[in-house]
There are 2 protein chains.
Amino acid sequence: MDITRMEALLRACATLLLLTTACLVRFDTQTSLIFPEYSRTATFRDMNALYVLVFMDVAVAGYNLVQLVIRGLLSSHMKQDMNGSYKHLAWISFLFDQAVVYMLFAANSACLTASLLAVRGEHDLFWMKLCNKFNRFCNQIGGALLCGYAAFFLMALVSSLSAYSLFRHYSPKKYLVLK
Amino acid sequence: MDITRMEALLRACATLLLLTTACLVRFDTQTSLIFPEYSRTATFRDMNALYVLVFMDVAVAGYNLVQLVIRGLLSSHMKQDMNGSYKHLAWISFLFDQAVVYMLFAANSACLTASLLAVRGEHDLFWMKLCNKFNRFCNQIGGALLCGYAAFFLMALVSSLSAYSLFRHYSPKKYLVLK
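Residues numbered from 1 in each chain as written. Chains lettered and ligands numbered in written order. Predicted model: local features only at pLDDT ≥ 70, side-chain atom pairs only at ≥ 80, totals over all residues. Heavy atoms only, no water.

- In the annotation of an unreviewed UniProt entry, the entry for chain A reads CASP-like protein, and the organism field reads Lactuca saligna.
- Annotation of chain A in UniProt includes, under Sequence similarities (unreviewed entry), the sentence "Belongs to the Casparian strip membrane proteins (CASP) family."
- Recorded in UniProt under Subunit (unreviewed entry), the annotation for chain A is "Homodimer and heterodimers." (UniProt positions renumbered as here; feature names shortened; annotations may be inferred.)

Now the structure itself:
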């Protein structure tokens, strides 16, 4: 299978997973009694980490779509000619891919930490458990996190492929010289 | 400058930063009054994220030392011959480098999230601010996180270099064929 096709396919799958994650978190609400006669509605706005995750997922999905369009338009040129301006494009997309994967992983992990605090509480710090009050809400966030980590895994593969397709144009003998 | 030398230098610097981070977090304690007549000592054990960060930093520092030793012993062979078993070694160290960088970034980001919760509290979730009670403790954790992100940045450079030195041995025309 062609390497550019494989990259495009992985990017498309990752985009779908990212949008699923964003929707799962964004539209997750539950109203519940916390103290007697005091009810509250839990949404993704209650926790900054969730807010950042939704933002990041939508941004990365947008970035993927832009990349898919650019690569679709330019793929035939990029294969022939690595000396011209396409070299810069390949470097820029390598750097962006790397940055995007780290951002995605950080956003997911931040959410996971905050969620674990909400599930178990932190007795030493006087932070109460909340997931026993908002059961359905927490399960949906858990599903969204699974989706988010799957998307991260696909994006990590994409970033390795983009490193491979950039660096294989360089000479194995001399430092940063094109073949 | 030679690329293997540069990688070794970056690895050594990253190891020093990682050990600094681990020590800063590990030996950070402060005793303070939280409620009147109720004092508590804050240590890195109070928060799981800090515990994981110390563990991860020490593990990654150990991994870096192992890599430095292996590369120091084998570097002259690896340059000449990429077809033999050194190819497997290059692939394994590429994969480990990638995994280690993600782990490091995730541990740092998890700590940052938990620390921001401790600094600002989360009023919606009834989690109280704690850093106004443990000022010096929180500042030291902040410094450790800066150190940790610097170490992550160096390790990200190292992982890019290791991708470069693996993939430049591959053919630009055919899929996964060595030159």
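Now, onward.
### A short note on the overall build of chain A
Consideration 1: Each helix and strand in chain A was counted, giving four helices and two strands.
Consideration 2: Scanning chain A from its N terminus toward the C terminus, one meets helices and strands in the order α-β-β-α-α-α.
Consideration 3: Counting the 179 residues in chain A, one finds 47% classified as buried.
Consideration 4: Long-range pairs, those at least 24 residues apart, make up 73% of the contacts in chain A between residues at least 6 apart in sequence.
Consideration 5: Roughly 9000 Å² of accessible area belongs to chain A as shown, and the carbon and sulfur atoms make up 68% of that amount. (Helix = DSSP H or I, 4+ residues; strand = E, 2+ residues; numbered from the N terminus. Buried < 20%, exposed > 50% of the residue type's maximum accessible area, 1.4 Å probe, protein only. Contact = heavy atoms within 4.5 Å. Areas by Shrake-Rupley, 256 points an atom, 1.4 Å probe, with all protein chains shown as cover.)

### Observations concerning the UniProt feature "transmembrane region" (unreviewed entry) in chain A
Residues and elements named next belong to chain A.
Consideration 1: Feature annotation in UniProt places "transmembrane region" (unreviewed entry) on residues 51-74, 95-121 and 141-167, given in this structure's numbering.
Consideration 2: Strand forms 0% of residues 51-74 and helix 100%; the C-alpha atoms that close the span are 35 Å apart.
Consideration 3: The distance separating the terminal C-alpha atoms of residues 95-121 is 38 Å; by composition the span is 96% helix and 0% strand.

### Thoughts on the environment of A:Ile141
Consideration 1: Tracing the backbone shows A:Ile141 in helix α4 (residues 135-167).
Consideration 2: A sequence separation of 13 residues divides A:Ile141 from A:Met128, and the C-alpha atoms of the two residues are 18 Å apart.

### Brief notes about the environment of B:Leu24
Consideration 1: Tracing the backbone through its elements, the reader meets B:Leu24 in helix α1 (residues 3-26).
Consideration 2: Aside from chain neighbours lying at most four places away, what touches B:Leu24 is B:Gln140, B:Gly143 and B:Ala144.

### What to know about the relation of the copies chain B and chain A
Consideration 1: Screw-axis analysis of chain B against chain A gives a translation of 0.0 Å along the axis, an RMSD of 0.0 Å, and a rotation angle of 180°. Within this description, the copies of the chain are treated as partners about a two-fold rotation axis.
Consideration 2: Of all interface residues in chain B, 96% are interface residues in chain A too; the two copies therefore contact each other through one and the same surface. (Least-squares fit on C-alpha atoms with pLDDT ≥ 70 in both.)

### Thoughts on the nonpolar core
Consideration 1: Within the largest apolar cluster, 54 residues are counted, with the highest numbers of intra-cluster contacts made by A:Phe167 and B:Phe167.
Consideration 2: Ignoring sequence-local partners within four residues, the contact set of A:Phe167 consists of A:Trp91, A:Phe94, B:Ser160, B:Ala163, B:Tyr164, B:Phe167 and B:Arg168.
Consideration 3: In this structure, A:Ile34, A:Ala144, B:Ala49 and B:Ala118 belong to the second largest nonpolar core, which totals 46 residues. (Core = buried A, V, L, I, M, F, W, Y, C linked by side-chain atoms within 4.5 Å.)

### Focus: the packing of aromatic side chains
Consideration 1: Tallied over the entire structure, the rule returns 25 aromatic pairs over all chains.
Consideration 2: For the pair A:Tyr102 and B:Phe152, a centre-to-centre distance of 5.2 Å together with 85° between the ring planes defines the contact as edge-to-face. Here B:Phe152 lies in helix α4 (residues 135-167) and A:Tyr102 lies in helix α3 (residues 86-120), a pairing that spans two chains. Each of the two residues, A:Tyr102 as well as B:Phe152, counts as buried. (Phe/Tyr/Trp six-rings, centres within 6.5 Å; stacked < 30°, edge-to-face > 60°.)

### Considerations on the environment of A:Gln30
All names here are of chain A.
Consideration 1: Locating Gln-30 in the fold gives a position in strand β1 (residues 30-35).
Consideration 2: Remark: the alpha-carbon pair of Gln-30 and Ile-92, spanning 62 residues in sequence, is separated by 42 Å.
Consideration 3: Polar side-chain contacts of Gln-30 include one of 2.9 Å to the backbone nitrogen of Phe-137. (Polar contact = N/O pair within 3.5 Å; in protein donor to acceptor, adjacent residues only side chain to side chain.)

### Here we look at the side chain of A:Ser109
Consideration 1: When you line up the elements, A:Ser109 lands in helix α3.
Consideration 2: On the basis of relative accessible area, A:Ser109 is assigned to the buried category, the value being 6%.
Consideration 3: Not counting the four nearest positions on each side in its chain, A:Ser109 is found in contact with A:Tyr149 and B:Ala106.

### Points about the packing of helix α3 (residues 86-120) of chain B against α4(B)
Residues and elements named next belong to chain B.
Consideration 1: In the contact formed by α3 and α4, the axes pass within 9 Å of each other and the chain directions differ by 160°. Looking at the two axes, α3 sits roughly antiparallel to α4. Crossing of α3 over α4 shows left-handed handedness.
Consideration 2: Counted by class, the contact of α3 with α4 contains 20 nonpolar, eight polar and one charged residues. (Axes fitted to C-alpha atoms, helices over the stretch in contact; angles between N-to-C directions. Parallel < 35°, antiparallel > 145°, perpendicular 65-115°, else oblique. Left-handed = near helix turned anticlockwise from the far one by under 90°. Nonpolar A, V, L, I, M, F, W, Y, C, P; charged D, E, K, R; others polar.)

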